[in-house]
Amino acid sequence: MSEEKREVRKATLGEALLSFGLLAVIMAIAIIKYGVDPHVPMFCGVIVATLISLKIGYTYSELEQAMIDGITKAMQSALILMVIGILIGVWMVAGVVPSMIYYGLNILSPKIFLPATMIICSITSLATGTSWGTAGTMGIALIGIAQGLGIPAGITAGAALSGAYFGDKMSPLSDTTNLAPAMAGTDVFTHVKYMLKATAVSYLIAMVVFVTVGLKFGGGDAQLQGIANLQTAIKSQFNVSPILMLPPVIVIATIAKKMPAIPGITLGVLIAAVMGPIFQGSSCDLGAIFDCGMNGYVATVENLPADVAALFTPDELDAFLSLLSKGGIMSMMFSVSMTIIAMMFGGVVEMTGQMEIIVKQILKLVRTDAGLVVLTEITCIFSNMTMPEQYISIVVPGRMYAQTYQDRGLHPKCLSNALESAGTVSGAFIPWHTCGVFMSTTLGVPIWGAGGYAPWLVFNYVQIVVTAVFAYLGITVTKMTDEEKKILAETGHVS
């Protein structure tokens with residue numbers, strides 16, 4: 001059939017639901033039943049969406065271009081993730097992150113164990129940009145200490161994860177913190193600043209809860225030898241110093257000054273690369289900086305003095321080594337590749353109208369801008385339940401609603417805030433979600449049931465509710481100026 005006579009139409013609701021439904025089923029089976037990574041299942045979703053699009057008249061060349069266009073929209077996020085990988089690796093070998101963790105541990109006090117747990121995990125997650133890494137390191141250590149203090153593991157896990165997800169949500173080093181604004185059409189610094197009010201309120205509420213609950217566990221002397229051992233081990237491998245707090249302070253300062261993300265993060269890398277050899281000596285020479293920037297810093301038991309290694313059980317030693325083994329471009333390839341494949345799917349369903357028809361049906365239920373924010377949160381939670389992978393719960397709803405926010409004149413930061421306020425934090429209380437499975441397995445604490453941590457994920461629950469309430473109060477609903485509308489229309493991105 002000639003190009004002129006070829007019939008092309010937009011997808012029907014049934015076809016769109018088939019595309020998204022099969023994706024959800026494939027993802028659920030692959031992740032829940034077989035425990036595999038979401039990349040190939042997501043690619044199967046790309047195949048399904050492509051076949052449906054071919055059926056309704058699109059050519060493969062058109063669909064391939066749609067995939068490329070979708071990937072292009074997330075390219076800034078991919079670049080930032082790679083630079084962040086370099087940052088974390090260099091910060092590790094330079095002693096920046098170890099110093100942050102070391103001084104963070106000094107906050108711990110027996111009488112305020114639960115709020116201190118939340119604060120320590122917040123600092124660690126802010127420093128590393130990962131809730132998984134925080135739970136797998138500091139979380140494990142704090143659970144062990146809590147058991148010695150007679151504090152229930154479920155409550156401790158809730159406090160630890162509340163802090164971990166706060167850092168994951170607010171750290172410019174976090175992949176989700178960079179992914180959400182990339183999907184919405186704004187930059188990471190604008191996104192972080194806009195999240196501050198609702199996140200601060202949520203954090204304060206969670207802190208009050210853990211302070212109150214922690215009072216009943218505050219009597220008696222605590223056996224904090226585990227923390228002392230951890231600090232001893234850190235000092236045996238790094239020269240810690242308050243001066244090494246300078247790189248993260250400078251990166252945070254760039255947020256207030258609205259410096260573009262990549263130059264701001266790169267500045268943090270360069271400062272740490274200069275300070276590292278000064279404080280760490282030959283262990284942080286130029287070759288180590290290059291290697292850790294690419295492959296991350298790897299802590300080994302051989303570098304620990306024998307008397308320090310003897311302070312730990314084998315499991316505790318593994319936890320300590322994993323605490324410091326982080327960073328590098330290669331550590332970000334999981335997220336980058338997942339983003340690319342998910343955006344292939346997003347590009348196809350967006351161009352062929354599969355996303356549009358579903359959004360139109362859903363939006364019939366929405367009358368206000370605040371309702372749109374709440375609907376976005378609900379969609380993120382539903383995505384986490386049906387396609388149990390954190391990145392997808394940000395990517396798919398982000399592409400679904402980006403145009404609607406623009407049509408309503410809402411700033412993209414409203415969308416990015418809603419995406420992260422629900423998509424990032426809701427996976428941990430879903431038993432079949434990748435985050436829920438990881439947290440439960442890593443901490444050795446069930447999600448629900450007797451002794452489960454889900455009822456104590458205070459920050460995660462409160463964050464979703466506060467963002468919704470703030471939307472109806474007009475705090476998380478911001479209109480664009482005419483100039484911003486023009487910039488967004490021309491570039492697809494506005495600060």
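Residues numbered from 1 in each chain as written. Predicted model: local features only at pLDDT ≥ 70, side-chain atom pairs only at ≥ 80, totals over all residues. Heavy atoms only, no water.

Per an unreviewed UniProt entry, the recorded name for the protein chain is Na+/H+ antiporter NhaC, and the organism is Filifactor alocis. UniProt, in its Sequence similarities (unreviewed entry) section for the protein chain, records the words "Belongs to the NhaC Na(+)/H(+) (TC 2.A.35) antiporter family." Listed in UniProt under the heading Subcellular location (unreviewed entry), the comment for the protein chain reads: "Cell membrane". (UniProt positions renumbered as here; feature names shortened; annotations may be inferred.)

Draft legend 1. Examining the overall build of the protein chain more closely. Secondary structure summary: the protein chain contains 24 helices and 0 strands in total. When the backbone C-alpha atoms are referred to their principal axes, the protein chain occupies close to 80 × 50 × 45 Å. Buried residues in the protein chain amount to 59% of all 495 residues. Between the mean site of the 25 positive side-chain charges and the mean site of the 30 negative ones, the protein chain shows a separation of 11 Å. (Helix = DSSP H or I, 4+ residues; strand = E, 2+ residues; numbered from the N terminus. Buried < 20%, exposed > 50% of the residue type's maximum accessible area, 1.4 Å probe, protein only. Lys, Arg positive; Asp, Glu negative; His and termini not counted. Charge placed at Lys NZ, Arg CZ, Asp CG, Glu CD.)

Draft legend 2. A look at the nonpolar core. In this structure, Leu 114 and Tyr 453 are the most contacted members of the largest nonpolar core, which totals 100 residues. No other element matches the 12 residues that helix H4 (residues 75-94) contributes to this core. In this view, Tyr 453 contacts Gly 154, Ala 157, Gly 158, Leu 161, Ala 428, Gly 436, Met 439, Ser 440, Val 445, Pro 446 and Ile 447; residues no more than four positions away in its chain are not counted. (Core = buried A, V, L, I, M, F, W, Y, C linked by side-chain atoms within 4.5 Å. Contact = heavy atoms within 4.5 Å.)

Draft legend 3. Seen up close, a nonpolar patch on the surface. On the surface, Phe 43, Ile 47, Leu 51, Leu 54 and Tyr 60 cluster together to form a nonpolar patch covering roughly 470 Å² of accessible area. Tracing the sequence through the fold places Tyr 60 in helix H3 (residues 60-73). On the basis of relative accessibility, which here comes to 47%, the residue Tyr 60 falls in the partly exposed class. (Patch = residues over 30% accessible without salt bridge, like charges linked within 9 Å, V, L, I, M, F, W, Y side chains within 5 Å. Areas by Shrake-Rupley, 256 points an atom, 1.4 Å probe, with all protein chains shown as cover. Salt bridge = Lys/Arg side-chain N within 4 Å of Asp/Glu carboxyl O.)

Draft legend 4. Just the packing of helix H8 (residues 153-170) against helix H23 (residues 458-472), in detail. Two elements in contact, H8 and H23, have axes separated by 7 Å at closest approach and are oriented at 50 degrees. Comparing their axes, H23 and H8 come out oblique. The segment H8 lies against H23, with Leu 161, Ser 162, Tyr 165, Phe 166 and Lys 169 engaging Val 458, Phe 459, Asn 460 and Gln 463. In terms of residue class, the contact of H8 with H23 is made up of 5 nonpolar, 3 polar and 1 charged. (Axes fitted to C-alpha atoms, helices over the stretch in contact; angles between N-to-C directions. Parallel < 35°, antiparallel > 145°, perpendicular 65-115°, else oblique. Nonpolar A, V, L, I, M, F, W, Y, C, P; charged D, E, K, R; others polar.)

Draft legend 5. Highlighting the pattern of salt bridges. All chains considered together, the criterion is met by 4 salt bridges. Close ionic contact of Lys 55 with Glu 15 constitutes a salt bridge, the shortest N to O distance being 3.4 Å. Taken together, the residues span a long stretch of sequence, with Lys 55 in helix H2 (residues 39-55) and Glu 15 in helix H1 (residues 13-33) at a distance of 40 residues. A relative accessible area of 62% places Lys 55 in the exposed class. Exposure remark for Glu 15: the relative accessible area of 12% places this residue in the buried category. Residue Asp 369 pairs with Lys 479 through a salt bridge whose shortest N-O separation is 2.9 Å. Of the two residues, Asp 369 sits in helix H19 (residues 369-386) while Lys 479 sits in the loop between H23 and helix H24 (482-491), which places them 110 residues apart along the sequence. Its relative accessible area of 16% is what places Asp 369 among the buried residues.

Draft legend 6. Representation of the confidence of the model for the protein chain. Residues at a pLDDT of 70 or more form 93% of the protein chain, whose mean pLDDT is 85. Looking at the elements of the protein chain, mean pLDDT is at its lowest for helix H7 (residues 131-149), recorded as 74, and at its highest for helix H14 (residues 286-295), recorded as 96. (pLDDT = per-residue confidence, 0-100.)

Draft legend 7. Quick peek at the packing of aromatic side chains. Applying the stated criterion to the full structure yields 7 aromatic pairs. Aromatic pair Tyr 102 and Tyr 103: ring centres 5.2 Å apart, planes at 90 degrees, arrangement edge-to-face. Take Tyr 102: its relative accessible area is 14%, and that puts it in the buried class. For Tyr 103, a relative accessible area of 26% gives the class partly exposed. In textbook terms, an aromatic cluster arises when at least three aromatic residues are bridged by ring pairs, as seen for Phe 166, Tyr 203 and Phe 459. (Phe/Tyr/Trp six-rings, centres within 6.5 Å; stacked < 30°, edge-to-face > 60°.)

Draft legend 8. Broad picture of the side chain of Ser 122. Here Ser 122 is to be found in helix H6 (residues 113-128). What makes Ser 122 buried here is its relative accessible area of 3%.

Draft legend 9. Broad picture of the state of the cysteines. The final tally for this structure, using the stated rule, is 0 disulfides. Free cysteine Cys 292: the closest other cysteine sulfur is in Cys 284, separated by 7.5 Å. Judged by relative accessible area, which is 5%, Cys 292 ranks as buried. There is no disulfide at Cys 414, and the cysteine sulfur nearest it, in Cys 380, is 14 Å away. Residue Cys 414 is classed as buried on the basis of its relative accessible area of 1%. (Disulfide = S-S within 2.5 Å.)

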